[in-house]
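# Summary of structural features
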Amino acid sequence: MTETLTGAQIAIRLLERQGVRTLAGIPGGAILPIYDALGQSSIIHHVLARHEQGAGFMAQGMARATGQAAVCMASSGPGATNLLTAIADAKLDSIPVVAITGQVPRAMIGTDAFQEVDTYGLSIPITKHNFLVNSAEELLEVIPRAFEIALSGRPGPVLVDIPKDVQMQPIEIADWPAPGVRQMPPPADALAISEAAAMINAAKRPILYLGGGVVHAGAATVAVDLAEKANLPTVMTLMALGAMPVDHRLSLGMLGMHGARCTNLALDECDLLIAVGARFDDRATGKVAAFCPQAKIIHIDIDAAELDKIKTAHVGIAADVQEALERLLPLVSENARREWNTRVDELKRDFPQHMPDLDQPLSHFGLIRTVAVCLDDEAVIATDVGQHQMWVAQGYPLRRPRQWLTSGGLGTMGFGVPAAIGAALAEPQRTVVCFTGDGSILMNIQELVTAAEENVNVKIVLMDNASLGLVHQQQTLFYGERLFASQFKATPDFVKVAQGFGIAAVDLDTAANPCAALMEAIARPGPCLIHASIDVQQKVFPMVPPGAANRDMIGA
Amino acid sequence: MNAINRNEQRALARAVLEIDVNNHPGVMSHVIGLFSRRTYNVEGILCLPVGDGSCSRIWLLVNEDARLPQMMKQAEKLEDVIAIRRHHADHAVFSELEDFFRP
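My aim in this report is to walk through the structure given alongside it, one point at a time. (Residues numbered from 1 in each chain as written. Chains lettered and ligands numbered in written order. Predicted model: local features only at pLDDT ≥ 70, side-chain atom pairs only at ≥ 80, totals over all residues. Heavy atoms only, no water.)

### What to know about the overall build of chain B
What counts, and what does not: Counting from the N terminus, the helices are the DSSP runs of H or I reaching at least four residues and the strands are the DSSP runs of E reaching at least two. Note on contacts: a residue pair qualifies if any of its non-hydrogen atoms lie within 4.5 Å across the two residues. The Shrake-Rupley method, run with a 1.4 Å probe sphere, supplies the accessible areas, and residue values consider only the shown protein chains as cover.
Helix and strand content of chain B: 4 helices and 4 strands. When the helices and strands of chain B are read in sequence order from the N terminus, they spell out α-β-α-β-β-α-β-α. A sequence separation of at least 24 residues applies to 75% of the contacts in chain B between residues at least 6 apart. In the structure as shown, chain B presents an accessible area of about 6,000 Å², 53% of it carried by carbon and sulfur atoms.

The structure is reproduced here in structure tokens:
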């Protein structure tokens with residue numbers, strides 16, 4: 001039986017068939033036919049963001065929390081340009097997002113029509129792939145393909161730009177295409193796997209280096225199995241936090257610019273680095289020539305272009321990291337590796353992460369730990385970008401893959417609140433905490449009203465130092481204490497702002513019992529802003545100065 | 001494209017890349033964008049459809065420098081790139097065109 005449907009109706013039906021149940025966006029002239037069709041869908045819940053960047057980060061929050069591709073929508077022109085930052089962020093952190101944008105009718109493309117912008121051209125360098133759809137028929141191929149591309153190989157964002165006349169074009173449909181699903185890459189090279197196993201078995205001082213790819217591939221369990229079987233001390237990138245519980249006996253936590261001293265010193269001594277789903281980012285390696293100077297390198301990544309990009313691998317394996325680790329595991333021999341682990345334990349004892357004032361709930365680490373005490377591992381922890389982000393990365397006991405949502409590669413202030421809303425929409429059974437700063441929250445503060453409208457279970461912990469803290473820190477340390485444009489002279493009353501947006505708010509500064517006020521705020525369902533002033537003089541330490549080797553950390 | 005930078009001045013040799021791509025608007029931007037964003041100058045570009053026109057072949061003349069293997073890997077990742085092959089600079093495709101480029 002055939003039915004006659006417009007391009008817009010086809011697009012929505014294809015999203016339903018993909019399993020999309022929630023999407024975020026903002027309508028506008030050039031995407032109104034799609035919104036008209038979306039309004040008729042009884043399956044898809046549309047979340048009305050207040051800025052397209054918010055919609056983009058909500059989709060990211062859904063995708064990061066679940067691993068499924070998530071959708072955001074915007075109209076042409078400013079709608080599309082407002083999405084770009086969230087799309088670029090998804091590209092750098094390899095997050096499967098499908099962005100659908102309206103475009104002016106095909107006959108008007110290239111005429112500088114109202115709200116016309118070259119969305120296709122603008123999105124080329126920040127998407128994994130992009131489409132400008134030429135006919136309603138093409139949607140049947142493009143939309144499933146967009147999901148397949150977003151999810152397959154190294155995940156990433158895909159943009160589909162749909163001109164308004166294509167949305168309105170009616171065609172007859174007899175058959176629907178299969179939904180786009182993740183395609184598996186070819187299996188890992190057997191010879192390389194056995195070579196890697198032999199190198200691990202022969203290594204005296206190996207370290208396992210986990211990146212975000214381990215989380216994306218669902219390989220955290222097998223990575224921990226490998227670490228335990230061969231007793232491999234394990235470091236994680238910012239993106240991989242949670243892949244191995246930080247309090248696991250083999251965990252050395254986060255490496256790099258703000259890693260603990262013991263972590264970077266252990267890397268300095270290792271003779272074999274097993275990089276899995278990691279890309280040797282400059283914030284992780286510091287000065288590359290001095291990174292793991294004694295080590296041979298095994299590099300496993302689904303993206304062949306990552307192998308040998310920064311560091312030449314002795315064994316490079318382009319494969320799905322879960323498949324590769326599962327095949328590696330039986331070939332790696334059990335080994336207590338007492339000498340090396342004793343040395344690593346010494347380093348941990350002598351050079352631990354310094355966390356002052358843990359028992360003070362209004363100190364930065366104390367606040368983070370008090371929040372952790374109120375929650376279990378089922379909670380999702382999102383952050384914005386800045387000092388608070390690094391302190392949470394250093395201090396929060398992350399124990400579960402996909403527990404941790406943070407903007408790593410692009411480092412986008414404004415990520416936290418909408419990403420947390422997205423995570424809460426996708427996983428309503430979880431409590432979602434968003435740690436943010438007074439600089440970051442203002443970059444997408446408008447989404448507080450979206451949180452109120454959707455009544456999401458999001459607790460925003462605002463660490464307020466009335467400054468752009470990391471800028472303040474760098475100016476203090478590296479620019480002769482010439483503080484400029486890093487301290488806010490006027491600051492909003494965030495409690496009133498939150499209440500004005502319609503969400504509950506509590507100020508720990510004035511609470512008679514801050515601990516009790518915090519616990520109560522977290523336990524109460526629904527959105528809540530928790531405000532706490534922190535000391536602007538506090539720094540993120542230790543720190544590797546820009547351009548320095550990781551061994552040359554400053555600060556405690 | 002971009003002005004020649006120090007990396008490229010140091011490059012003595014050139015290479016010719018032969019890239020099979022799907023033929024639709026935007027593919028050239030995807031391929032060339034990989035070079036321009038890295039300030040990697042493209043010295044020559046030639047592109048024509050192949051066979052029934054569903055595919056095209058792009059020939060690029062580029063300076064050979066240390067980044068070329070990474071460039072090729074990045075190009076291989078593009079959805080619309082079917083295959084990429086590397087040739088020496090003396091490949092006939094550009095040398096036979098020289099008559100059209102006399103000052």
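### With respect to the overall build of chain A
Defined as follows: Each radius of gyration reported is based on C-alpha atoms, and the globular scaling rule is 2.2 Å times the count of residues to the power 0.38. Under the scheme applied here, a residue whose accessible area is under 20% of the maximum for its type counts as buried, over 50% as exposed, and between as partly exposed, the area being computed with a 1.4 Å probe on protein chains only. Residues scored as charged are limited to Lys and Arg (positive) and Asp and Glu (negative), so that His and the chain ends carry no count. Lys charges are placed at NZ, Arg charges at CZ, Asp charges at CG and Glu charges at CD.
Check the secondary structure of chain A and you find 22 helices and 20 strands. Against the 2.2 N^0.38 benchmark of 24 Å for 556 residues, chain A shows a C-alpha radius of gyration of 24 Å, consistent with a compact globule. Counting only C-alpha atoms and orienting by the principal axes, one finds that chain A spans roughly 70 × 65 × 40 Å. Across the 556 residues in chain A, those meeting the buried criterion constitute 60%. For chain A, contacts bridging at least 24 residues in sequence account for 75% of all contacts bridging at least 6. Roughly 20,400 Å² of accessible area belongs to chain A as shown, and the carbon and sulfur atoms make up 53% of that amount. One finds the centroid of the 41 positive side-chain charges in chain A at a distance of 6 Å from the centroid of its 58 negative side-chain charges.

### A short note on a nonpolar patch on the surface
The cut-off we apply is this: Surface patches are drawn from residues lacking salt bridges whose relative accessible area is over 30%; two like charges belong together within 9 Å, two nonpolar side chains (Val, Leu, Ile, Met, Phe, Trp, Tyr) within 5 Å. Salt bridge, as used here, is a side-chain nitrogen of Lys or Arg placed within 4 Å of a carboxyl oxygen of Asp or Glu.
A surface patch of nonpolar side chains, about 260 Å² in accessible area, is lined by Leu477, Phe478 and Tyr479 of chain A. Mapping Leu477 of chain A onto the fold places it in helix 20 (residues 469–478).

### Some remarks on the packing of helix 3 (residues 52–66) of chain A against helix 4 (residues 78–92) of chain A
Residue and element names in this part refer to chain A. Using the following cut-off: Interaxial angles span 0 to 180 degrees and are taken between N-to-C directions of axes, which are lines fitted to C-alpha atoms, for helices over the stretch in contact. Just so you know how the angles are binned, under 35 degrees is roughly parallel, over 145 roughly antiparallel, 65 to 115 roughly perpendicular, and the rest oblique. Rotating anticlockwise by less than a right angle from the far helix to the near helix defines a left-handed crossing, while the corresponding clockwise rotation defines a right-handed one. As a working rule, the residues Ala, Val, Leu, Ile, Met, Phe, Trp, Tyr, Cys and Pro are called nonpolar, Asp, Glu, Lys and Arg charged, and the rest polar, with Gly in that last group.
Close contact between helix 3 and helix 4 brings their axes to 7 Å; oriented N to C, the two are set at 30 degrees. In terms of orientation, helix 3 and helix 4 fall into the roughly parallel class. Where helix 3 crosses over helix 4, the two elements pack in a sense that is right-handed. In contact with Glu52, Gln53, Gly56, Phe57, Gln60 and Arg64 of helix 3, helix 4 contributes Gly79, Asn82, Leu83, Thr85, Ala86, Asp89 and Ala90. For the contact of helix 3 with helix 4, the class distribution of residues is 4 nonpolar, 6 polar and 3 charged.

### Looking at the environment of Met199 of chain A
Residues and elements named next belong to chain A. Mapped onto the fold, Met199 is located in helix 8 (residues 190–202). Spatially, the C-alpha atom of Met199 lies 14 Å from that of Ile300, the residues being 101 residues apart in sequence. If we skip the residues at most four places from it in the chain, Met199 touches Leu272, Lys296, Ile297, Ile298, His314 and Val315.

### Focus: the packing of helix 15 (residues 364–373) of chain A against helix 16 (residues 387–395) of chain A
Residue and element names in this part refer to chain A. Close contact between helix 15 and helix 16 brings their axes to 10 Å; oriented N to C, the two are set at 60 degrees. For the element pair helix 15 / helix 16, the angle class is oblique. The chirality of how helix 15 crosses helix 16 is right-handed. Across the interface between the two elements, His364, Phe365, Ile368 and Arg369 of helix 15 pack against Trp391, Val392, Gln394 and Gly395 of helix 16. Partitioning the contact of helix 15 with helix 16 into residue classes produces 4 nonpolar, 3 polar and 1 charged.

### Points about the interface of chain B and chain A
Formally: Put simply, buried area is the surface a 1.4 Å probe can reach on two separate parts but cannot reach once they are joined, added for both. Identification of polar contacts relies on pairs of N or O atoms within 3.5 Å, with a donor-acceptor requirement for protein atoms, meaning one able to donate a hydrogen and the other able to accept it, and with residues adjacent in sequence counted only if both atoms are side-chain atoms.
If you look at the interface, chain B gives 12 residues, while chain A gives 15 residues. Carbon and sulfur atoms supply 50% of the area buried between chain B and chain A, which totals about 980 Å² over both sides. Three residues stand out in chain B for area buried against chain A, namely His30, Lys73 and Glu79 of chain B, and they jointly supply 53% of the buried area on that side. For the pair chain B and chain A, the number of links is 2 salt bridges. On inspection of chain B and its partner chain A, the count reaches 6 residue pairs in polar contact (both at pLDDT 80 or more).

### Some words on the nonpolar core
As a reminder, the rule being used: The criterion is simple. A nonpolar core is a set of buried Ala, Val, Leu, Ile, Met, Phe, Trp, Tyr and Cys residues joined through side-chain atoms within 4.5 Å.
Counting residues in each nonpolar core, the largest one holds 75 residues, and the members touching the most others are Leu328, Ile381, Tyr396 and Phe435 of chain A. Residues within four places of Ile381 of chain A in sequence aside, it is in contact with Leu375, Val392, Tyr396, Leu398, Gln403, Trp404, Leu405, Val433 and Phe435 of chain A.

### A look at the sheet that holds strand 12 (residues 272–276) of chain A
Residues and elements named next belong to chain A. Put simply, the rule reads: Two strands make a pair as long as DSSP finds a minimum of two bridges between them.
One open sheet accounts for 6 strands, arranged 11-10-9-12-13-14; its pairing is parallel. Both edges of this open sheet fall to strand 11 (251–254) and strand 14 (315–318), since each of them pairs with a single strand only. Ignoring strand direction, the axes of neighbouring strands in this sheet form an average angle of 15 degrees. The sheet contact formed by strand 13 (residues 296–301) and strand 14 spans 4 bridges and is parallel. Looking at strand 14, one finds that Asp301 is bridged to Ala318.

### A closer look at the packing of aromatic side chains
To describe a pair of aromatic rings, one takes the distance between the centres and the angle between the planes. Heads up, the rule is: Here a Phe, Tyr or Trp ring, Trp counted by its six-membered ring, pairs with any other such ring whose centre lies within 6.5 Å, and the pair is stacked when the planes are under 30 degrees apart, edge-to-face when over 60, and tilted otherwise.
Scanning the model with the defined rule gives 6 aromatic pairs over all chains in all. Between Tyr209 of chain A and Phe280 of chain A, the ring centres sit 5.2 Å apart and the planes meet at 85 degrees, which makes this aromatic pair edge-to-face. Of the two residues, Tyr209 of chain A sits in strand 9 (residues 206–210) while Phe280 of chain A sits in the loop between strand 12 and helix 12 (282–285), which places them 71 residues apart along the sequence. Exposure class is identical for Tyr209 of chain A and Phe280 of chain A. Each is buried. Each ring, one from Phe35 of chain B and one from Tyr40 of chain B, has its centre 5.4 Å from the other, and the planes form 85 degrees; the classification is edge-to-face. Residue Phe35 of chain B is classed as buried on the basis of its relative accessible area, which comes to 1%. On the accessibility criterion, Tyr40 of chain B (0% relative accessible area) is buried.

### Details of the environment of Val71 of chain A
Residue and element names in this part refer to chain A. Structurally, Val71 is set in strand 4 (residues 70–74). Owing to a relative accessible area of 0%, Val71 belongs among the buried residues under this scheme. When the C-alpha atoms of Val71 and Ala55 are compared, they prove to be 8.8 Å apart, with 16 residues separating the residues in sequence. Ignoring sequence-local partners within four residues, the contact set of Val71 consists of Leu15, Val20, Leu23, Ala24, Ala59, Val98, Ile100 and Phe147.

### A closer look at the environment of Ala55 of chain A
With respect to the secondary-structure elements, Ala55 of chain A resides in helix 3. Residues Ala55 of chain A and Leu347 of chain A, spaced 292 residues apart in sequence, show a C-alpha to C-alpha distance of 44 Å.

### So, unusual backbone geometry
All names here are of chain A. Cis geometry marks the peptide bond from Phe541 to Pro542; its omega dihedral reads -5 degrees. Examined against the element boundaries, Pro542 turns out to sit in the segment after strand 20 (528–533). Non-glycine residue Phe280 carries a positive phi angle of around 55 degrees. In this model, Arg337 sits at a positive phi of 50 degrees, which is unusual for a non-glycine residue. Counting through the fold element by element, Arg337 comes out in the loop between helix 13 (321–328) and helix 14 (338–350).

### A short note on the pairing of strand 9 of chain A
Residue and element names in this part refer to chain A. Taking burial as the measure, the 5 residues of strand 9 include 5 buried ones, the bulk of the element. Because side chains alternate across strand 9, one face comprises the buried residues Pro206, Leu208 and Leu210, and the other comprises Ile207 and Tyr209, equally buried. Inspection of the sheet shows strand 9 paired to strand 12 by 5 bridges, in the parallel sense. Note on strand 12: the bridge partner recorded for Tyr209 is Ala275.

### A short note on the sheet that holds strand 19 (residues 504–507) of chain A
Taken in spatial order, the 6 strands make up an open sheet running 16-15-17-18-20-19 (chain A), and their pairing is parallel. Two strands bound the open sheet, and with one partner strand each, they are strand 16 (404–405) and strand 19 of chain A.

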